[in-house]
Amino acid sequence: MKRRVKIISLTANLELAKSISRRLNVPILDTKVSHFADGEILFECNETFRGDDVYIIQSTCCPVTERLMELLICIDALKRASAKSVNVVIPYFGYARQERKAKPRQPITAKLVANLIMTAGADRVICMDLHAAAIQGFFDIPVDDISAINIFSSYFEKMKLKKIACVSPDHGGVLRASRLAEKLNASLVIIDKRRTRPNVSEIVAIVGNVRGKNCIIVDDIADTAGTLCHAADKLKELGAKKVFAVITHGILSGNAINNINNSGLDQMVITDTIPLSKEKAKACKKIKVLSVATLLSDVIKAISEGTSLSFTLHDFSRTVHGKKN
């Protein structure tokens, strides 16, 4: 690493941060996040980072607001302690589902969060599969939205499935599903879905043929997984051979584990942008976790060395797909 790079892990992604640290051969700084009796958050670092490029690794996952406050407080601490640059790695960007006014008098909370991160003093943001790509425009600092599509496509290539159909669970996810379909040389299926209220939706129609095919539902987020499981059951009804799901961010709140266990899903593949608890992993054997540590470490290295990020992602793609440079 040509420049002085240091890594801080807050409370959300400690195992992911350790994996990134090992790959970069950069130790994690000795820090502490504690709370006052009334819940106020205190961040402390026992090492200096004056003049360093510091990378904070923190998903703003459950408890979302607490993790967000940890991040903001840490950014402020780094700026006041003269870090050369503060780079925020947010594998899962919470509040991304509130990126527009869907109804009158609703907030655009994703924009508010972007303002908070910039005001705190961040110089750069690195995310994984933002719920809406337009969120990059909410920031006036560089934002890298990294896709996990190559990780997923490599996994399914090794399974050597035949007759694959990549399924978009709604119109908004067509681009994501089509990218995986292109990688796997698969057909594209679109589910026409109507959302009646948060976490509740109904399937109106399915566009495309799924009979006798191995279907892969492609989405960025699974919260309660109710919609996902409903889609899997519907695909099985229409003659799908097997139904898989690839989800970048497995929030898996509420009855998600029961929903998955009792659904027509044969396997659900997620990443470790949000850590899967041991209890959930034990309760649901259908879940497979793939790590984004190598991808994010390559991104951090490229940024810190000032090399092309697009070339780095291209090289990562060729590596995971077993192609020689």
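Engineer: Is there a simple way to explain the packing of aromatic side chains in this structure?
Structural biologist: By convention here, two paired aromatic rings are described through the distance between centres and the angle between planes. Taken as a whole, this structure holds 3 aromatic pairs when the rule is applied. Where Y155 meets F156, the ring centres are 5.3 Å apart and the plane angle is 85°; that geometry is what we call edge-to-face. Across the pair, exposure class does not vary: Y155 and F156 are buried alike. Relative to F244, the ring of F156 has its centre 5.5 Å away and its plane inclined at 80°; by these criteria the two rings are edge-to-face.

Engineer: Where do I start with unusual backbone geometry in this structure?
Structural biologist: Comment: phi is negative for the bulk of residues other than glycine, and the bulk of peptide bonds are trans. Here the bond from C62 into P63 is cis, since omega is -5°, no more than 30 degrees from zero. Mapped onto the elements, P63 comes out in the loop between β4 (53-57) and α2 (64-80). You will see that L252, though not glycine, has its phi angle at about 50°, which is positive. Along the chain, L252 turns up in the loop between β12 (242-250) and α7 (256-261). By relative accessible area, L252 is classed as buried at 2%.

Engineer: I would appreciate a short explanation of the pattern of salt bridges in the present structure.
Structural biologist: Where charged atoms of side chains with opposite charge meet at close range, the side chains can pair. Under the counting rule described, the total for this entry stands at 12 salt bridges. Between E15 and K18 there is a salt bridge, with the nearest N and O atoms lying 3.7 Å from each other. Separated by 3 residues within a single helix, E15 and K18 lie in helix α1 (residues 14-24), roughly one turn from each other. Among the residues examined, K18 registers a relative accessible area of 34% and is labelled partly exposed. For D76, the salt bridge goes to R80, with nearest N and O atoms at 2.7 Å. Here D76 pairs with R80, and both are found in helix α2, just 4 residues apart, close to one helical turn. Residue D76 is classed as partly exposed on the basis of its relative accessible area, which comes to 28%.

Engineer: Is there a simple way to explain the pairing of β4 in this structure?
Structural biologist: Along any regular strand the residues' side chains alternate between the sheet's two faces. Counting buried residues in β4 gives 5 out of 5 residues, a clear majority hidden from the surface. The alternating pattern of β4 places D53, Y55 and I57 on one face and V54 and I56 on the opposite face, and all of these are buried. Two strands pair when backbone bridges link them, and strand β1 (residues 5-9) and β4 are joined in this way by 5 bridges, in the parallel orientation. What sits directly across from V5, in β4, is D53. Pairing of β4 with strand β5 (residues 85-90), which is carried by 5 bridges, proceeds in the parallel orientation. Note that in β5 the partner of D53 across the bridge is S85. Between the parallel elements β4 and β5, the chain passes through α2 in a crossover that is right-handed.

Engineer: Help me understand the side chain of Q58, please; the structure alone is not making it clear to me.
Structural biologist: Relative to the helices and strands, Q58 resides in the loop between β4 and α2. Classification of Q58 by relative accessible area gives buried; the value is 0%. A distance of 3.1 Å separates the side chain of Q58 from the backbone oxygen of R67, its partner in a polar contact. A polar contact of 2.9 Å, which involves the side chain of Q58, links it to the side chain of E70. The contacts of Q58, once residues within four sequence positions are left out, are L10, T11, A12, N13, R67, E70, L71, V89, I90 and P91.

Engineer: What is the right way to read the sheet that holds β4 from this model?
Structural biologist: Two modes of strand pairing occur in sheets, parallel and antiparallel, and in both the strands are linked by backbone hydrogen bonds. In spatial order, the strands read β1-β4-β5-β6-β7; together these 5 strands make up an open sheet with parallel pairing. Each having just a single partner strand, β1 and β7 (143-146) make up the two edges of the open sheet. With strand direction ignored, the average angle separating the axes of adjacent strands in the sheet is 20°. Those strands touched by helix α9 (residues 293-305) are β1, β4, β5, β6 (124-128) and β7, and its axis lies near 160° from that of β6.

Engineer: Teacher, can you tell me more about the packing of α1 against α9 here?
Structural biologist: The N-to-C vectors of α1 and α9 enclose an angle of 55°; their axes lie 9 Å apart at closest approach. One finds that α1 runs oblique with respect to α9. Of the two possible hands of crossing, α1 and α9 adopt the one that is right-handed. Residues L16, S19, I20, R23 and L24 of α1 form the contact with α9, whose participating residues are A293, T294, L296, S297, I300 and K301. Of the residues in the contact of α1 with α9, the class split is 6 nonpolar, 3 polar and 2 charged.

Engineer: In this structure, what is going on with helix α6 (residues 226-237)? I would like to understand it.
Structural biologist: Its 12 residues place the ends of α6 17 Å apart at the C-alpha level, agreeing with the 16 Å of an ideal helix rising 1.5 Å per residue. Looking at α6, one finds that the buried residues are T227, L228, C229, A231, A232 and L235.

Engineer: In this structure, what is going on with the environment of M128? I would like to understand it.
Structural biologist: With respect to the element layout, M128 can be found in strand β6. A residue is classified by how much of its surface remains accessible, and M128, at 1% relative accessible area, is buried. When the C-alpha positions of M128 and V299 are compared, they lie 11 Å apart, and in sequence the two are 171 residues distant. Not counting the four nearest positions on each side in its chain, M128 is found in contact with I90, P91, D145, I146, S147, A148, H249, T273, V292, L295 and L296.

Criteria and thresholds
- Residue indices begin from 1 for each chain and proceed along its sequence in written order.
- Per-residue local features of the predicted model are confined to residues with pLDDT of at least 70, and side-chain atom pairs are confined, for both listing and counting, to 80 or more; whole-chain, interface and lining totals are unaffected and use all residues.
- Think of the side-chain values as coming from all heavy atoms in the structure, minus any hydrogens and water.
- Side-chain rings of Phe, Tyr and Trp (the six-membered ring for Trp) are treated as a pair once their centres are within 6.5 Å; stacked means planes under 30 degrees apart, edge-to-face means over 60, and tilted covers the remaining angles.
- Note on exposure labels: buried denotes an accessible area under 20% of the residue type's maximum, exposed denotes more than 50%, and partly exposed covers the range between, all computed with a 1.4 Å probe on protein chains only.
- Secondary structure follows DSSP: runs of H or I at least 4 residues long count as helices, runs of E at least 2 residues long count as strands, and numbering of each begins at the N terminus.
- Salt bridge criterion: a side-chain nitrogen from Lys or Arg within 4 Å of a carboxyl oxygen from Asp or Glu.
- Strand pairing is assigned whenever DSSP detects at least two bridges linking the two strands.
- For crossovers, right-handed means that the path from the first strand over the helix to the second runs clockwise, given strands pointing away from the viewer.
- N or O atoms within 3.5 Å of each other form a polar contact, as long as, within protein, one can give a hydrogen and the other can take it, and as long as residues adjacent in sequence are counted only when both atoms are side-chain atoms.
- Whether two residues are in contact is decided by their heavy atoms, any of which lying within 4.5 Å being enough.
- Axis lines are fitted through C-alpha atoms, for helices just across the contact stretch, and the angle between N-to-C directions can take any value from 0 to 180 degrees.
- For classification purposes, angles smaller than 35 degrees are called roughly parallel, those larger than 145 roughly antiparallel, those between 65 and 115 roughly perpendicular, and all remaining angles oblique.
- For a crossing to be left-handed, the near helix must be turned anticlockwise from the far one by less than a right angle; the clockwise case is right-handed.
- Amino acid classes used here: Ala, Val, Leu, Ile, Met, Phe, Trp, Tyr, Cys and Pro are nonpolar; Asp, Glu, Lys and Arg are charged; the rest, including Gly, are polar.
- Every helix has an expected span of 1.5 Å times one less than the residues it contains.

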